[in-house]
Structure formats: C-alpha cells, structure tokens
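Coordinates in review
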Amino acid sequence: MDMKKLMMTALMAVVAICVDSQNIQLHYDFGRNLYSNEEADRQKVTATLEQFKSDDWGSWYYFFDIDLTSKATRSIYTEISREVKLGKESPFAAHVEYNGGLWHAPAIGNGSYQQAGLAGVAYNGHNADFSKTWSVQALYKQFFKSYEGSRSYASFQLTGAWGLNFLAGKLTFSGFIDLWRGEKGGNYADNEQGHGMLVLLTEPQLWYNVNKHLSIGTEVEISNNFIINYYSDKTFFVNPTLAVKWNL
C-alpha cells in the first residue's frame, strides 16, 4: 500500500473511531508567519478529533491531529491512553499510552513520527461540579526505532493537564504541559546521536462557548527543543492559532 492510500485509510479509521467523540477542532496556525525561515514549511491548518470517556474501571482518552495543506494531508499524529483507577475512590490511576503517526513532506518523502509507549501513574482530581479538573502524570517513556536515523531508547515524561470553566460556563481555559527527555540525532540539525536534551511542550487553550456545541478561541503552542530547526540555534517557539470547536 503506498503512502497516499495509507493516509486515506488512516483518515477513514479516524473518522470511524471518532463518531462519538467529544469535540472536533479546526485551527489556523500562524507559525510560518511568525518564523518565516525556521517554520517556512509549517502547516497552516490542523484538524483535531478528541475524546475523553470515563467508565467503571477508569477512562479512555485519545486525539488525532491532522495537518492539512491546500494540496494534501501533511500528517496524522495520535496519542491514545487508558487509565485504570487504583481503588474505587482513589485519585490515583495506572496510565498506559501510545504516541505515533505518519507524515508526508513533498521535498523529503514519506515517513513516520518516532513511536513511543508510556506507562506510569496519574493523580486526577476535580471540584464538586467538575468545572475544575486536573491531572498530573509521572511516566516511563520508551521510544522505538521508527525510521532511518532513529533508535530505541528509554526516557521519562512528566505531564500536567487542566480544565477550567468560568463566567457561568461561557469561558473555558484548558490545556496540557509535557516535559520529557529526548535525544538529538537522525533528523536533528546537529546530528549528535544519543545527546540527551529536555523537551518542553505546552498548549494552553482559551475558548468562548457560544452555545453548548460551538466554541471559538485560540491555542498557543509553546515549546523548547521540540521543533526541528535547520536555520539557526533557536529552540524556543510560540505558535498561536485561531480556532473553532464543535462539541458533540
């Protein structure tokens, strides 16, 4: 199966899985306007399909980011996690997760994101009416050899996630912050295989909820050592979006 057919199959699978998803988001990204050299090839539009679902055992969460251009689907990236409560009333849960996806770059060809599996413990909480929710996760992270130049190695990840509804539910402030150990090598500019680095990624979102289905707002991707940059020594980037969200 060629990459185009594989992308289409993956996209159809995403749509099928997310029929009952919590929300669908569409983001217009201003990154390539702000960093015309370092992010000249950054996508302008990202569609996100997201779901959180709790059950008697714990919860499922997953999202799919689909980066789009005027000519093609640039990439599909997913994170899928499962939590199992450690006790009926306990705020602690066992957490397992998969990260991975596919990308297409006209100048380079086709490939995959470096896949990773994660396992650890989460501490989750909320207030009485669930208008405030939070989660803190400490995870072992195993990267797998996924493409030429990558290698398998052990790492860790610390994650925080939050959700806050205020002004009678008209505004929602939500997001996550991840900190993990990465390695420079393969497709990194300095190609120092095995050289460790700390990677920071956070994506706070602010939404105005027009009604129970429609929200408009913004997401700001703030990162350090996350974006591959061949043009300079710059590692810190701030990429805002203008977005709409449909809550199902």
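Here's what I pulled together on the structure shown here. (Residues numbered from 1 in each chain as written. Predicted model: local features only at pLDDT ≥ 70, side-chain atom pairs only at ≥ 80, totals over all residues. Heavy atoms only, no water.)

Further remarks concern the overall build of the protein. Helix and strand counts for the protein come out as two helices and 14 strands. Here the protein holds 248 residues, and 39% of them are scored as buried. The long-range share in the protein, meaning contacts at least 24 apart out of those at least 6 apart in sequence, stands at 47%. Of the roughly 13800 Å² that the protein leaves accessible, carbon and sulfur atoms contribute 63%. (Helix = DSSP H or I, 4+ residues; strand = E, 2+ residues; numbered from the N terminus. Buried < 20%, exposed > 50% of the residue type's maximum accessible area, 1.4 Å probe, protein only. Contact = heavy atoms within 4.5 Å. Areas by Shrake-Rupley, 256 points an atom, 1.4 Å probe, with all protein chains shown as cover.)

Turning our attention to the pairing of strand β12 (residues 205-209). Burial along β12 is one-sided: Gln205, Trp207 and Asn209 are buried, and none of Leu206 and Tyr208, which face the opposite way, are. Pairing of strand β10 (residues 171-184) with β12 involves four bridges; the strand directions are antiparallel. The residue bridging Thr172 from the neighbouring strand is Trp207, located in β12. Taken together, β12 and the strand that follows it, strand β13 (residues 214-224), pair antiparallel across an intervening segment of four residues. (Pairing = 2+ DSSP bridges.)

What follows is about the side chain of Asp67. Tracing the chain through its elements places Asp67 in strand β3 (residues 58-68). Look at Asp67: it is buried, it has no salt bridge, and the nearest opposite charge is Arg74 at 7.4 Å. A polar atom in the side chain of Asp67 sits 2.7 Å from the side chain of Thr46. In this structure, Asp67 is in contact with Gln43, Val45, Thr46, Thr73, Arg74, Ser75 and Tyr113, ignoring residues within four places of it in sequence. (Lys, Arg positive; Asp, Glu negative; His and termini not counted. Salt bridge = Lys/Arg side-chain N within 4 Å of Asp/Glu carboxyl O. Polar contact = N/O pair within 3.5 Å; in protein donor to acceptor, adjacent residues only side chain to side chain.)

Our next topic: the pattern of salt bridges. This structure, assessed with the given rule, holds seven salt bridges. With a shortest N-O distance of 3.2 Å, Glu221 and Arg42 are connected by a salt bridge. Highlighted residues: Glu221 in strand β13 and Arg42 in the loop between α2 (31-34) and β2 (45-54), separated in sequence by 179 residues. Judged on exposure class, the residue Glu221 and its partner Arg42 are both buried. Two residues, Asp55 and Arg82, come together in a salt bridge whose shortest N-O distance is 2.8 Å. Remark: Arg82 occurs in strand β4 (residues 73-85) and Asp55 occurs in the loop between β2 and β3; sequence separation between them is 27 residues. Residue classification places Asp55 among the partly exposed residues on the basis of a relative accessible area of 30%. Connected via shared salt-bridge partners are Asp29, Glu39, Arg42 and Glu221.

Moving on: the pairing of β3. Where β2 and β3 come together, ten bridges link them in antiparallel fashion. Its bridge partner lying in β3, Ser54 is registered against Ser59. Alignment of β3 against β4, held across eleven bridges, turns out to be antiparallel. By the bridge assignment, Trp60 is partnered in β4 with Arg82. Between β3 and β4, which follow one another and run antiparallel, lie four residues.

A positive phi angle, near 65°, is found at Phe130, a position not held by glycine. Structurally, the position occupied by Phe130 is in the loop between β7 (116-126) and β8 (132-143). A positive phi angle, close to 65°, is found at Asn225, a residue other than glycine. Turning to its location among the elements, Asn225 is positioned in the loop between β13 and β14 (236-247). Taking the relative accessible area as the measure of exposure, Asn225 reaches 16% and is therefore buried.

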